[in-house]
Every structure is written in C-alpha cells, then in structure tokens.
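Here is what each chain is made of, one letter per residue.
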Amino acid sequence: GYILTNAHVIDEADEVKILLADGKTEYDAKIVGTDPKTDLAVLKIEAKNLPSIEFGDSEALEVGDIVLAFGNPFGLGQTVTMGIVSATGRA
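Computed from a predicted model, the values in this text were never measured in an experiment.

Caption draft 1: A look at the pattern of salt bridges. Evaluation of the coordinates by the stated rule reveals 2 salt bridges. Across the pair Asp28 and Lys17 runs a salt bridge, and its minimum N-O distance is 2.5 Å. Within this pair, whereas Asp28 is found in strand S3 (residues 26-35), its partner Lys17 is found in strand S2 (residues 16-19), the two being separated by 11 residues in sequence. Taking relative accessible area as the criterion, Asp28 reaches 55% and is therefore assigned exposed. Between Glu46 and Lys44 there is a salt bridge whose closest N-O contact spans 3.6 Å. Given a relative accessible area of 65%, Glu46 falls into the exposed group. On the basis of relative accessibility, which here comes to 25%, the residue Lys44 falls in the partly exposed class.

Now the structure itself:
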C-alpha cells in the first residue's frame, strides 16, 4: 500500500513505521519519494486490503466546500480536522 504524508514528518528519519488504526498492526515503510517544497512524501508498505480515501480535485474547490485534514500531529493519535473553505486563490 502507498501512503501519502508530510515530508517534514519523515525528514531525516532513519526508519519509518506505520501503525494502523487498530493500534496493533505495524509495518516498516519504505520512503518512495519526498518533495520538501510541497511538504509531501510517499511511503510504501507491504500490505493488502488497506482502507483508502479518494483525492479531491483542487481545481474544483469552491468557497463553502467542506474539507478534511487527517493526521497524527505531535503523536496525539489519529485526528481529523474539518473546515469550510472561506476563499480561494489567495497568495
């Protein structure tokens, strides 16, 4: 399975492990690639039947759309943040 994460999360890591939502299943991950400029990294684990989420099209994003951010900030556990797009095209 492929996992998308932030590049800063794995920056300078000697090893990367993925812990699934059950809190028990752990995998060693291989870093496939990173892009510090966009703060994205792709990891790969040897697993099957993993849950997935479909990416949205940022070009179709409109003011008022509901958006979600998934993560594990500061090791707090699985978190989800929800928001509403207030503007697009900001510099």
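Caption draft 2: View of the pairing of strand S4 (residues 40-44). What you see with S4 is a clean split: Ala41 and Leu43 sit on the buried side and Leu40, Val42 and Lys44 on the side with no burial. Sheet analysis places strand S1 (residues 2-5) next to S4, joined by 4 bridges and oriented antiparallel. Among the inter-strand pairings, Thr5 is bridged to a residue of S4, identified as Ala41. Strand direction decides the pairing type here: S3 and S4, joined by 5 bridges, are antiparallel. Each residue of the ladder has a partner; that of Ile31, found in S4, is Leu43. The turn linking S3 back onto S4 is made up of 4 residues, and Asp39 within it adopts a positive phi angle of 60°.

Caption draft 3: Seen up close, the nonpolar core. Counting 9 residues, the largest nonpolar core consists of Ala7, Ile10, Val16, Ile18, Ala29, Ala41, Leu43, Ile45 and Ala47. Ignoring any residue separated from it by four or fewer positions in sequence, one finds Ala41 in contact with Ile3, Leu4, Thr5, Asn6, Ala7, Ile10, Gly33 and Thr34.

Caption draft 4: Quick look at the sheet that holds S4. Pairing in this open sheet of 4 strands is antiparallel, and the strands run S1-S4-S3-S2 from one edge to the other. Taken across any chain shown, the strands that pair with only one partner, and hence form the sheet edges, are S1 and S2. Each strand axis lies, on average, 40° off the axis of its neighbour in the sheet, ignoring direction.

What counts as what
Residues numbered from 1 in each chain as written. Predicted model: local features only at pLDDT ≥ 70, side-chain atom pairs only at ≥ 80, totals over all residues. Heavy atoms only, no water. Salt bridge = Lys/Arg side-chain N within 4 Å of Asp/Glu carboxyl O. Helix = DSSP H or I, 4+ residues; strand = E, 2+ residues; numbered from the N terminus. Buried < 20%, exposed > 50% of the residue type's maximum accessible area, 1.4 Å probe, protein only. Pairing = 2+ DSSP bridges. Core = buried A, V, L, I, M, F, W, Y, C linked by side-chain atoms within 4.5 Å. Contact = heavy atoms within 4.5 Å. Axes fitted to C-alpha atoms, helices over the stretch in contact; angles between N-to-C directions.

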